[in-house]
Amino acid sequence: MERSTRMRALLLMMALIFLLGFAMAQEASRPASQPASQQNIPDAPSASKPQQQLPVNPSVPSRPVSNNTAEPDQQPGNRPPSQVRSVPPGGQTQEPGSERDKIFTLSKNVNFVFVPVTVKGRDARMVYGLTQQNFSIYENGERQPVTFFTSDPFPISAAIIVDVGMADVALERVQDTLSALGGTFSEFDEVSYYTFSNVVQKQQEFTAATGQQAQISLRKMKEKEGRKGGAPVVTGPMAGGPIINGKPADPGNLNTRVQPTGNMRTMQPSRVLNDAILRAAIDLSKRDRTRRKMIFIISEGREDRSNASYSDVLKFLLSNEISVYAVAVDSAAIPGYGKLNKIHLPHQGYGNILPKYAGATGGEVFTEFTRDSIEQAYSRITEQARNQYTLGYTTNSAPSSNYRSIEVTVNKPELKVVARDGYYPVPPAKK
């Protein structure tokens, strides 16, 4: 009996040793790269407890992981293609912006002078493709080194002035072209509108040239009435309305001035062109210097009884880099009218002074009579103002009220250069 018991114990011990060896052999045959969470050793099977199933961890991938510590998608052979950015020719530096961008910095320097320049050929067409080496610029006869040059187009700030003191027939012809005027500007331009006869009226503050508000203002200006024709009015109840000390009691509404001629009084409409230009120039002076500032006048150019003088208005224009362009219509477009305007009759005001303003400020006057030619002049003016060459230099003179002449030349004698005659330096603004 005792011997039999020992044999059973020995057999049981051998069975346990065999099971232990089998379990250790199974563990030794398991891949070394299997995750630790799957390396749990199950309990040895027994008669009273069945073999346990290993829990599945959904967060652990079922694929084996190699002994290399790097992830498979980071292995040299499995890397995705890298994002390659092309480098512009000339190196890895960023391509510079346009020359016009420099104006934002240069315009802060009160000693820096910008000079817009128009160059035309013998056929009166604009000439493109010139470089800085083609230009020379002189201030008070002394050549200046050109430190800024660009032919980039500029956004426009335009103050448009319409003369409503013209004869009604002439004004109606102009009003028919106003829709075409609005179409000559781009989405980057801004415009304001003014009308004048004996008084100046602002019709529209600066707004987007192609915006709805600008179109509304153009439609309103089409409703303006011009001067009615007729024979001079003699003395009598209808001669000139109420008179106080020989002057109209309400000149702002009469649109006339009374000129005594013996026993007769003739009704003569006043035309405050200087005042209209000054009003527009004051508003333009507040616009950003990096925009091309221009006054666009549609008129026959007559000036009579303005409060502002031509010299004072011109000084303000030159001090604020404002050019004057004009479409001379009605009587100013008649051949030979320009020569007659040089004769100034007493008490008759001045004839067409538009060429004087345009010539001094670097602008231009287009004398047009028909509707089609007027519309063509609109597009020529905006094209010229937008696509000028722009030269710049730093002056050594201190800001003062002294006038400084400017002369711009090109090294091609067959070309015509149009630029302003000079400028008045403006002292720095007080903060």
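Not measured: the values here are computed from a predicted model.

Asker: Lay out the overall build of the protein chain with the relevant residues and their values.
Answerer: The helix and strand tally for the protein chain stands at 11 helices and 18 strands. A total of 431 residues make up the protein chain; the buried ones form 39% of that total. In the protein chain, of all internal contacts separated by at least 6 residues, the share reaching a separation of at least 24 is 76%. A total accessible area of about 25,700 Å² is found for the protein chain, and carbon and sulfur atoms account for 54% of it.

Asker: Go over the nonpolar core, please, and point to the residues and values.
Answerer: Membership of the largest hydrophobic core comes to 30 residues, with the highest contact counts inside it found for Ile160, Phe296 and Ile298. Listed by contribution, the elements that provide at least two residues to this core are strand S5 (156-163), helix H3 (168-175), helix H4 (178-182), strand S6 (190-196), helix H5 (212-221), strand S12 (292-299), strand S13 (323-328) and helix H11 (371-386). Residue contributions to this core peak at 5 residues, all from H11. Core analysis: the second largest hydrophobic core is formed by 25 residues, Leu317, Val324, Ala326 and Ala328 among them.

Asker: How would you summarise H3 if you had to cite specific residues and measurements?
Answerer: If you check which residues of H3 are buried, you get Ala170, Leu171, Val174 and Gln175. One face of H3 carries all of its buried residues, which in axial projection span an arc of 140 degrees. Of the surrounding secondary structure, the elements contacted by the buried residues of H3 are S5, H4, H5, S12 and H11.

Asker: Outline the pattern of salt bridges, listing residues and values.
Answerer: Within this structure, the stated rule accounts for 13 salt bridges. Notably, a salt bridge pairs arginine 125 with aspartate 123, separated by 3.8 Å at the nearest N-O pair. In this structure, arginine 125 and aspartate 123 share a single accessibility class: exposed. Linking glutamate 375 and arginine 371 is a salt bridge whose minimum nitrogen-to-oxygen distance equals 3.3 Å. In this pair, glutamate 375 and arginine 371 both sit in helix H11, 4 residues apart, roughly one turn of the helix. Assessed through its relative accessible area of 24%, glutamate 375 is described here as partly exposed. Sharing partners across several salt bridges, the network here consists of Asp163, Arg271 and Glu300.

Asker: Account for H11, naming residues and giving values.
Answerer: The periodicity of an α-helix, 3.6 residues per turn, causes residues three or four positions apart to be oriented the same way. With 16 residues, H11 extends 23 Å between its outermost C-alpha atoms, agreeing within 8% with the 22 Å of an ideal straight helix rising 1.5 Å per residue. Taken residue by residue, H11 has Ser373, Ile374, Ala377, Tyr378, Ile381, Thr382, Gln384, Ala385 and Arg386 as its buried positions.

Asker: Let's hear about unusual backbone geometry: which residues, and what values?
Answerer: Unusually for a residue other than glycine, alanine 124 sits at a positive phi of about 70 degrees. Topologically, alanine 124 is positioned in the loop between strand S1 (112-120) and strand S2 (135-139). Judged by relative accessible area, which is 46%, alanine 124 ranks as partly exposed.

Asker: Run through the packing of helix H7 (residues 273-284) against helix H8 (residues 310-319), naming residues and quoting values.
Answerer: At a minimum axis separation of 10 Å, H7 and H8 run at an interaxial angle of 20 degrees. Taken together, the axes of H7 and H8 lie roughly parallel to each other. Judged by the sense of rotation from one axis to the other, the crossing of H7 with H8 is left-handed. Across the interface between the two elements, Asn274, Ile277, Leu278, Ala281 and Ile282 from H7 touch Tyr310, Val313, Phe316 and Leu317 from H8. Partitioned by chemical class, the residues of the contact of H7 with H8 number 8 nonpolar, 1 polar and no charged.

So, how was this worked out
Here the residue numbering is sequential within each chain, running from 1 through the sequence in written order. Local features in this predicted model are restricted to residues of pLDDT 70 or higher, and side-chain atom pairs are both shown and tallied only at a pLDDT of 80 or more, whereas totals for entire chains, interfaces and linings draw on every residue. Processing note: side-chain calculations cover all non-hydrogen atoms of the structure and skip hydrogens and water entirely. The helix count covers DSSP runs of H or I at least four residues long, the strand count covers runs of E at least two residues long, and both are numbered beginning at the N terminus. A simple rule labels every residue: compare its accessible area, found with a 1.4 Å probe on the protein chains alone, to the largest value its type can have, and call it buried under 20%, exposed over 50%, or partly exposed in between. Contacts between residues were defined by any pair of non-hydrogen atoms, one from each residue, lying within 4.5 Å. Values of accessible area rely on a 1.4 Å probe in the Shrake-Rupley scheme; residue burial ignores everything except the protein chains shown. For our purposes a nonpolar core is just a set of buried Ala, Val, Leu, Ile, Met, Phe, Trp, Tyr and Cys residues, chained together by side-chain atoms within 4.5 Å. This arc is taken over the directions from the axis of the helix to the C-beta atoms. Criterion for a salt bridge: a side-chain nitrogen of Lys or Arg within 4 Å of a carboxyl oxygen of Asp or Glu. One less than the residue count of a helix, multiplied by 1.5 Å, gives the span that helix is expected to have. In this analysis, axes come from line fits to C-alpha atoms, helices being fitted only over the stretch in contact, and the angle between any two N-to-C directions falls in the range 0 to 180 degrees. Angles below 35 degrees are treated as roughly parallel, those above 145 as roughly antiparallel, those between 65 and 115 as roughly perpendicular, and all remaining angles as oblique. For any pair of crossing helices, the crossing counts as left-handed if the nearer helix is rotated counterclockwise from the farther one by less than a right angle, and right-handed if it is rotated clockwise. Classification convention: Asp, Glu, Lys, Arg as charged; Ala, Val, Leu, Ile, Met, Phe, Trp, Tyr, Cys, Pro as nonpolar; all other residues, Gly among them, as polar.

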